[in-house]
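# Topology and contacts: notes
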Amino acid sequence: MPELNESPVLLIIGTRPEGIKMAPVYHALKRAGIPTLICSTMQHSHLLTEVFELFDIVPDISLNIMRQGQDLFYLTQAVLQKTKEVFLSVHPSLVVVQGDTTSSMAASLAAFYLNIPVAHVEAGLRTDDVSLPFPEEMNRRVISMVSAYHFAPTPAAVANLLVHGVRREKIFCTGNTIVDALHTIKDKIQTKELKIRADIKEKILLAQEEGKDIGLLTMHRRESFNGPIADILQTIKKWISDHPETVWFYPFHPNPSVIDAVRSAGLFDIPNLYICEPINYKDLVYLLDKATYVLTDSGGIQEEAVSLGKPVLVLREKTERMEGVLVGLARIVGSNAQSILDGLEWASSYQKSLKGQLAHVYGDGHASEKIVAFIQAHYDELLQGAAEIPVAQQEDTVPKKKDTSVKKVCIVGLGYIGLPTAIVAAESGYEVIGYDIDEQRVAKINAGDPIIHEPEAYEKLQYVLGAGSFKATTEIEAADYFVIAVPTPITKDKKADVGFVYSAIDAICVVLQKGNTVIIESTIPVGCTQNVANYIAEKTGLQAGIDVFIAHCPERVLPGNIFYELVANDRIIGGIDQACLQPAQSFYDRFVNGHLYQTSAHSAEMVKLIENSSRDVQLAFAHQVGSMATSIGLNPYEVISLANKHPRVNILRPTCGVGGHCIAVDPWFLVESFPKQTELLKAARVVNDNKPKETVSRIKKVVHEWQQNNNGRCAVQLLGVSYKPNVEDVRESPALEVARTIIEDQSIQTIVTDPHVDPALLSEYFEDSVMNFAEGFSKADIVIFLVAHDRFKLIDRKLLSGKIVLDFCGMLHGSKGATEQEEIFWPARSMMDFFVANQQQDDIEVS
């Protein structure tokens, strides 16, 4: 945490809109010489990072709460807990929040609990319907209730606050800081200080030269996702198709519901519609400034468009920004088809002479200066109040009486399996300690940071820590149950490395007692549990089935759904002998709702290994089908799709290889245990291990052909490096292996794009070769699909015009709208080593 001599003003920023609207306030505070810190919750980390860079801001504190699959429960708890810790550390004189996000609401509540005054920027917006927008209407009401100062953007917002019982002397009408930010960025664009995306600028300039109207469409609200978005898109599709004299831009929201709706709507065939990934703020301002009219469900874009004098159709049933509607520059059309069509007729004929007269509805561009003038005038008063804020909360020092009837569990290894298992066990009533040799990991977990990116991990960890039912430690302790959950990688010669398992056993042998139960959840070779039992007997003299009870109970969970599957899935209980079964089953009885099947340790070990190995064999067959089909110029995805029409055939889809920490590893454990009976498994592993090499070979062949026909260095854009679609995990990823091999070839300009993988990790692997979609497409000669992320399905095919496209994951097969006829031509191998997909664009070559 930064150290300051005075209690600072602390700004809370969690999302892109907050960053945009708080940037002018931050710079105004700095100009005024007021000690100021920014605490970024990073609720939307990727989008917010771009805003900070644009406005030249470096957060002083980053909470980094963003998690895959995060929901409102997680966000509220995470922000509430972590901002509490920040406030107790830096002792702010004032906490400033903006708008109506969950970050703002939870941070305001934390400040309120600590008696720290809260200032609310953009206060007083209301729809008077607590469910619309959801959850923002509730958030802003909570913030109003706990705020000491209310900076209202308009007289209407002032009136709303008064109606809701806020005292007049606590309300200050300042204008909206979005207007400050908007003018700042617009001025920098006009002076060419900021560079606009080339593809957007080219299309805008062409539209202007041809005298065409320019439409901008955005939709991102939750209430639009389930139902309304499909109706809206169909209506807008009809208008765009009927009005070729217009050019449209649609930066889509990456929510899966939006992706499905866009694909189902069949928008890709419309020549005057440009669909693209979310764009950064400077490009959005440029589009807004050049647009003829705007259709949006965004509150911020309503303000920005109106401030630029653009007619706006509000794709919501209600809006808290009625000022634009009242002055006649915005219309609420919701999702009703006729209302939208009527609105488009109105917007396209709107009198341009009136637009400029109405552009100051939301402020004059000096809102941040007015806010800071108030803070400066009251700063001494705020400092005085800060001195009275308690620096810590007193804990109950009376020792709690220990419940000796509660069984104690020691989980050894606090990784992707160990920590969730520890948390679930603690939730079920066990007293749990988590043992790990990584001091930094243990410290973070005890501080409430689960480290792993798993839905519900943060809030569940907070609960068991707060309840005192779980703690992490680097010191092994005695327990009733010991659960081993450490990794078992393979060595370079494809042997199971069980060193971590035996290190864990060494640790527990120091405290192992008669009557204890030892459960191995780690994936291990067949026979390993018996070997461990013999090892324990040699070290301690404790015999399995007599003195201690030893079993193998493998985990069977899917990352992203671990907490549900730990409870719901069936489990295999594999005992060393009959006496070991019941003690092991008793441990799981308390929290597993699935069936518990008892068997021998050897059977349990084998069951786990063949589950993943069967999948590996199926993938190897799919990969060989792919190789065979490609060798004669056939589309493997079409071949497999047609074969799967048979009622008893289900061939998997070939990719660039097999990844992850299980399927690509576990078959080798069986090969090690059964060298004479695993010829098929060995062959499958060879096929799958060679697939990335085969992929690289095909890429380099196509690059070589390009180089023979063109001058210069070939630019290759690789789409996706995670080990499977829609995840951030790159462990054992074949796509990552392909990318790291290609980038070593200095004759190729490699471009890497993956919207799911942490940008910092991508940069660590590929440095300056990491680019977003648009930047990559503008440079690439060859575009290569390696991972079938859902977001890739919405790549506008027009962007691929004139490029060679290689598809190693089936992204382009069957991705056309249901109403369209897909025409694919497969030239003979003698003509080319890759196939051509002519989907009404003859200049796109697809392999």
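Our subject is the structure that appears above.
A few points on the structure. (Residues numbered from 1 in each chain as written. Predicted model: local features only at pLDDT ≥ 70, side-chain atom pairs only at ≥ 80, totals over all residues. Heavy atoms only, no water.)

### Quick notes on the state of the cysteines
Stated formally: The criterion for a disulfide is a pair of cysteine sulfur atoms lying within 2.5 Å. Three labels apply to residues, based on accessible area from a 1.4 Å probe with only protein chains included: buried if under 20% of the type maximum, exposed if over 50%, partly exposed otherwise in between.
The full count for this structure, using the stated rule, is zero disulfides. There is no disulfide at C809, and the cysteine sulfur nearest it, in C656, is 7.5 Å away. By relative accessible area, which is 3% here, C809 ends up buried.

### Quick notes on the sheet that holds strand 20 (residues 571-575)
For the record, the criterion: Here a strand pair is declared whenever DSSP counts at least two bridges between the two strands. Strands are runs of DSSP state E lasting at least 2 residues, helices are runs of H or I lasting at least 4, and numbering of each runs from the N terminus. Lines are fitted to the C-alpha atoms to define the axes, a helix being fitted only along its stretch in contact, and any angle between axes, read from their N-to-C directions, falls within 0 to 180 degrees. Every residue pair with non-hydrogen atoms within 4.5 Å of one another is taken to be in contact.
One open sheet accounts for eight strands, arranged 16-15-14-17-18-19-20-21; its pairing is mixed. The open sheet has two edge strands with one neighbour each: strand 16 (470-473) and strand 21 (596-600). Neighbour-to-neighbour, the strand axes of the sheet open up by a mean angle of 25 degrees, direction not taken into account. Bridging between strand 18 (residues 517-520) and strand 19 (residues 549-552) involves four bridges; their strand directions are parallel. Residue pairing for strand 19: I519 is matched across the bridge by A551. Of the strands in this sheet, strand 19, strand 20 and strand 21 touch helix 26 (residues 601-631), which is tilted by about 115 degrees from strand 21.

### Thoughts on the packing of aromatic side chains
Aromatic ring pairs are reported here in terms of the distance separating the ring centres and the angle at which the planes meet. Selection criterion: The rule is short: rings of Phe, Tyr and Trp, with Trp giving its six-membered ring, pair when the centres are within 6.5 Å, and they are stacked under 30 degrees, edge-to-face over 60, tilted in between. Counting as a charge over the ring demands two things of the Lys NZ or Arg CZ atom: a distance within 6 Å of the ring centre and an angle within 35 degrees of the ring normal.
Enumeration according to the criterion identifies 19 aromatic pairs in this entry. Where F55 meets Y281, the ring centres are 6.3 Å apart and the plane angle is 35 degrees; that geometry is what we call tilted. With a gap of 226 residues between them, F55 in the loop between helix 2 (45-54) and strand 3 (61-62) and Y281 in helix 12 (residues 281-290) connect regions that are remote in the sequence. As far as the burial class goes, F55 and Y281 line up, both buried. On the basis of an interplanar angle of 75 degrees and a centroid distance of 5.6 Å, the ring pair of F773 and F792 is categorised as edge-to-face. Of this pair, F773 sits in helix 32 (residues 773-779) while F792 sits in the loop between strand 24 (782-785) and strand 25 (804-807); the two residues are 19 residues apart in sequence, bridging distant segments of the chain. Taken as a pair, F773 and F792 share a single burial class, namely buried. Members of the aromatic cluster, connected to one another through ring pairs, are Y430, Y481, F587, Y588 and F591. Above the plane of the ring of Y430 lies R590, whose end atom (NZ or CZ) is 4.2 Å from the centre.

### What about the packing of helix 1 (residues 16-31) against helix 7 (residues 177-190)?
Heads up, the condition is: For classification purposes, angles smaller than 35 degrees are called roughly parallel, those larger than 145 roughly antiparallel, those between 65 and 115 roughly perpendicular, and all remaining angles oblique. For this classification, Asp, Glu, Lys and Arg are treated as charged, while Ala, Val, Leu, Ile, Met, Phe, Trp, Tyr, Cys and Pro are nonpolar and the rest, including Gly, are polar.
Close contact between helix 1 and helix 7 brings their axes to 8 Å; oriented N to C, the two are set at 85 degrees. Between helix 1 and helix 7, the angle falls in the class roughly perpendicular. On helix 7, the residues that touch I20, K21, P24 and V25 of helix 1 are T177, I178, D180 and A181. The class makeup of the residues in the contact of helix 1 with helix 7 is five nonpolar, one polar and two charged.

### A short note on the nonpolar core
The nonpolar side chains of a soluble globular protein tend to be buried with one another. Worth spelling out the cut-off: Buried residues of nine kinds, namely Ala, Val, Leu, Ile, Met, Phe, Trp, Tyr and Cys, make up a nonpolar core once their side-chain atoms join them within 4.5 Å.
Membership of the largest hydrophobic core comes to 115 residues, with the highest contact counts inside it found for F55, L233, W248, Y250, Y281, L295 and F785. Top contributing element to this core by residue count: helix 1, with seven residues. Each residue touching F785, except ones within four places of it in the same chain, is listed here: L719, F792, I795, V805, L806, D807, F808, C809, M811 and L812. Counting 41 residues, the second largest nonpolar core, distinct from the first, contains Y435, I524, V532 and I536.

Honestly, it's all geometry; don't read function into it.
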